[in-house]
Amino acid sequence: MPSPLFLWRFKVILFLLWGLCCCKIGWDSVMRMSADLRDLFLYEAFLYYNPLLLVALMIWLWGVNLWVFAQSSVNYARVFDLAQTHLSHREIWRCATWLTLIVPTSMTAYLYLYSHGEVSLAASQPVLLYAILLMILLSPFDMFYLSSRFYFLRTVWRIMLPLQAITFPDFFLADIFTSMSKVFSDLERSVCRMVNRQVATIAWFEADSICGSHSVAIPLVLVFPYLCRFFQCLRQYKDTKEKTCLFNALKYSTAVPVIFLSALKYHVFPDKWMSFYRPLWLISSVINSLYSFYWDIKRDWDLSILTRIFMFKNPSTWTNLLYGQIWVYYWVLGSNLVLRCTWTYKLSAHLRHNYLTLFTIAALEIMRRFQWVFFRVENEWNKMTAKQNLEMSSDMPSEGDRLLDSSSHTRSKGQGYIDMFL
C-alpha cells in the first residue's frame with residue numbers, strides 16, 4: 001500500500017491539474033465571445049457561482065478554526081454542546097474539498113457550453129448545481145453527515161424564530177450569517193433569475209426588472225441576518241434583564257440605515273441623493289463600523305488573554321510564531337478595524353458594480369470573521385471554566401468550616417466518653 005504522504009501528494013497534483021484545466025477551458029470559452037457581451041456575461045456567471053465559492057472558503061476556514069481548537073486547550077465541543085459524533089476538522093475539510101471541486105467545474109461547463117452555442121444546456125448548469133446542493137442539505141436519509149446537517153438546520157430555524165432561550169451556538173452562527181449577508185443577497189438574485197428563466201440571457205440586465213439591481217429584495221435580504229441578531233438580543237434581555245443585551249441590539253440596528261439609505265439611491269432624484277441621503281449614509285456607515293469594532297474588542301473578546309488560543313498542547317512552529325507575540329495583538333486590532341469599515345461597502349447596494357472588488361471585500365470579511373472566531377470561542381470557554389471553578393469552590397467546605405466540624409466532632413466524642421463513664 002502506498003504511504004499516506006504519497007497519496008496526499010498525488011491528490012495535490014491531481015487537484016492542480018484539474019484547476020489548470022478549468023482555467024484553460026474557461027479562458028478559451030470567454031475569449032470566443034464578442035467583446036461587447038463578454039463583461040456582461042462574466043458578471044452573470046460570477047453572480048451564480050461567487051456565493052458558493054465564498055461558502056466553500058468559509059467551510060475551509062472553519063476547519064482551520066477546529067484544528068486550532070483541537071491543538072489547544074479549548075474544548076469547542078462543550079462550548080457548542082456537540083455530540084460525540086460531531087464532525088472533526090478533517091471531515092469539514094473533506095466537505096470543503098468537494099464543494100471546491102464541484103463549483104468551478106460547473107462554472108467551467110457553463111462558460112464552455114454558452115460560448116459554443118449550447119445556451120439551454122449552459123443555463124441548466126447553475127440550476128442543477130443549486131438543486132443538488134439543496135437536496136443534499138435537506139436530505140432526510142442517513143448519509144452526508146445527517147446528524148450534523150440536522151444540527152445546522154435546527155440552529156438556523158432557532159435563529160429565524162428566536163422563540164426560545166438563546167444559546168451560544170444560536171447567536172454565534174447568527175453572527176457569522178451577518179458576515180455573509182452579501183452571499184445571501186447574491187443567492188437570492190441567482191434563484192430569482194432561475195425561477196424567472198433569465199439564466200444565460202440578458203433580460204436580467206434591466207435594472208428595474210424583478211431580478212434587476214434596483215429590486216427591493218436586495219436590501220431586505222441584506223438586512224435579514226441583522227434583524228435576526230437584533231431580535232435575539234431582545235430575547236436575551238427578556239430572559240436575563242441584562243442591559244448589555246440592549247446595547248448589543250443597538251449595534252445590529254445601526255446596520256439598518258446603512259442598507260436602506262444606500263438602496264434609496266435608485267428611488268430618489270440624484271440631487272436629493274447627493275445633498276441629503278448620501279451624507280446620512282456616510283454618517284450611518286461610520287457609526288456602524290466604529291460601534292461594531294468597539295463591541296468586538298470590549299465585549300466579544302478578552303484582550304488580557306488575546307493570544308492564549310495559540311498555546312498548543314504539543315509545541316510547534318505555529319506556537320512559536322503566534323503564541324505571546326505582540327504583533328498578533330496589533331494585527332488583530334488593526335485588521336479588524338479596517339475590515340469593519342470596508343464591510344460597509346458590501347452592505348451598500350449602490351456600490352455593487354465592480355464584482356471583482358465586491359468578491360475581494362466579501363472574502364476579506366470572511367477572513368475577518370475567521371480570526372474573530374478564535375477569540376470569541378476562547379472567551380466563551382474561559383467563561384465556562386471560570387464558572388465551573390467557582391461552582392466547585394462554592395461546593396467545597398472552607399477551612400473555617402472544616403475546623404468547626406473538627407471541633408464539633410471532638411466535643412461530641414468527648415461527651416460520649418463522659419456519658420459512658422457516668
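Residues numbered from 1 in each chain as written. Predicted model: local features only at pLDDT ≥ 70, side-chain atom pairs only at ≥ 80, totals over all residues. Heavy atoms only, no water.

As recorded in an unreviewed UniProt entry, the chain goes by EXS domain-containing protein and comes from Zizania palustris. Taken directly from UniProt, the Subcellular location (unreviewed entry) text for the chain runs: "Membrane". (UniProt positions renumbered as here; feature names shortened; annotations may be inferred.)

Helices and strands together make up the secondary structure of the chain, namely 16 helices and zero strands. Out of the 422 residues belonging to the chain, those deemed buried represent 41%. Pairs at least 24 apart in sequence give 72% of the contacts found in the chain among residues at least 6 apart. (Helix = DSSP H or I, 4+ residues; strand = E, 2+ residues; numbered from the N terminus. Buried < 20%, exposed > 50% of the residue type's maximum accessible area, 1.4 Å probe, protein only. Contact = heavy atoms within 4.5 Å.)

Once that is clear, we can look at the side chain of Asn-248. Examined against the element boundaries, Asn-248 turns out to sit in helix α10 (residues 243-253). A polar side-chain atom of Asn-248 sits 3.3 Å from a polar atom in the side chain of Trp-295. Non-local contacts of Asn-248, meaning those with residues more than four positions away in its chain, are made with Arg-229, Cys-233 and Trp-295. (Polar contact = N/O pair within 3.5 Å; in protein donor to acceptor, adjacent residues only side chain to side chain.)

Before going further, it helps to examine the packing of helix α11 (residues 255-263) against helix α12 (residues 270-300). Two elements in contact, α11 and α12, have axes whose closest approach is 8 Å; the angle formed by their N-to-C orientations is 150 degrees. Viewed along their axes, α11 and α12 adopt a mutual orientation that is roughly antiparallel. In terms of crossing hand, the pair formed by α11 and α12 is left-handed. Between α11 and α12, the contacting residues are Ala-255, Pro-257, Val-258, Leu-261 and Ser-262 on the first element and Trp-273, Tyr-277, Leu-280, Trp-281, Ser-284, Ser-285 and Asn-288 on the second. (Axes fitted to C-alpha atoms, helices over the stretch in contact; angles between N-to-C directions. Parallel < 35°, antiparallel > 145°, perpendicular 65-115°, else oblique. Left-handed = near helix turned anticlockwise from the far one by under 90°.)

Mapping Phe-141 onto the fold places it in the loop between α5 (119-138) and α6 (146-160). Among the residues examined, Phe-141 registers a relative accessible area of 54% and is labelled exposed. If sequence neighbours within four positions are ignored, Phe-141 has contacts with Leu-146 and Arg-149.

This part takes up unusual backbone geometry. Although it is not a glycine, Phe-144 sits at a positive phi angle of roughly 55 degrees. Within the element layout of this structure, Phe-144 appears in the loop between α5 and α6. Taking relative accessible area as the criterion, Phe-144 reaches 47% and is therefore assigned partly exposed. Unlike most non-glycine residues, Tyr-145 shows phi in positive territory, near 60 degrees.

The subject of this paragraph is the pattern of salt bridges. A full pass over the atoms with the stated rule returns ten salt bridges. The salt bridge involving Lys-24 is made with Asp-28; its shortest N-O contact spans 2.5 Å. Taken together, the positions of Lys-24 and Asp-28, both in helix α1 (residues 4-31) and four residues apart, correspond to about one turn of that helix. Here Asp-186 and Lys-182 are joined by a salt bridge, their closest N and O atoms 2.6 Å apart. (Salt bridge = Lys/Arg side-chain N within 4 Å of Asp/Glu carboxyl O.)

Another point: the packing of aromatic side chains. Going through the model one piece at a time under the given rule, you end up with 19 aromatic pairs. Taken together, a centroid distance of 6.0 Å and an interplanar angle of 50 degrees make the contact between Trp-62 and Phe-172 tilted. Highlighted residues: Trp-62 in helix α2 (residues 35-71) and Phe-172 in helix α7 (residues 168-179), separated in sequence by 110 residues. Classification of Phe-172 by relative accessible area gives buried; the value is 5%. (Phe/Tyr/Trp six-rings, centres within 6.5 Å; stacked < 30°, edge-to-face > 60°.)

Two elements in contact, α2 and helix α4 (residues 89-115), have axes whose closest approach is 8 Å; the angle formed by their N-to-C orientations is 170 degrees. As judged from the angle between their axes, α2 and α4 are roughly antiparallel. Looking at the contact of α2 with α4 residue by residue, the class counts come to 24 nonpolar, five polar and one charged. (Nonpolar A, V, L, I, M, F, W, Y, C, P; charged D, E, K, R; others polar.)

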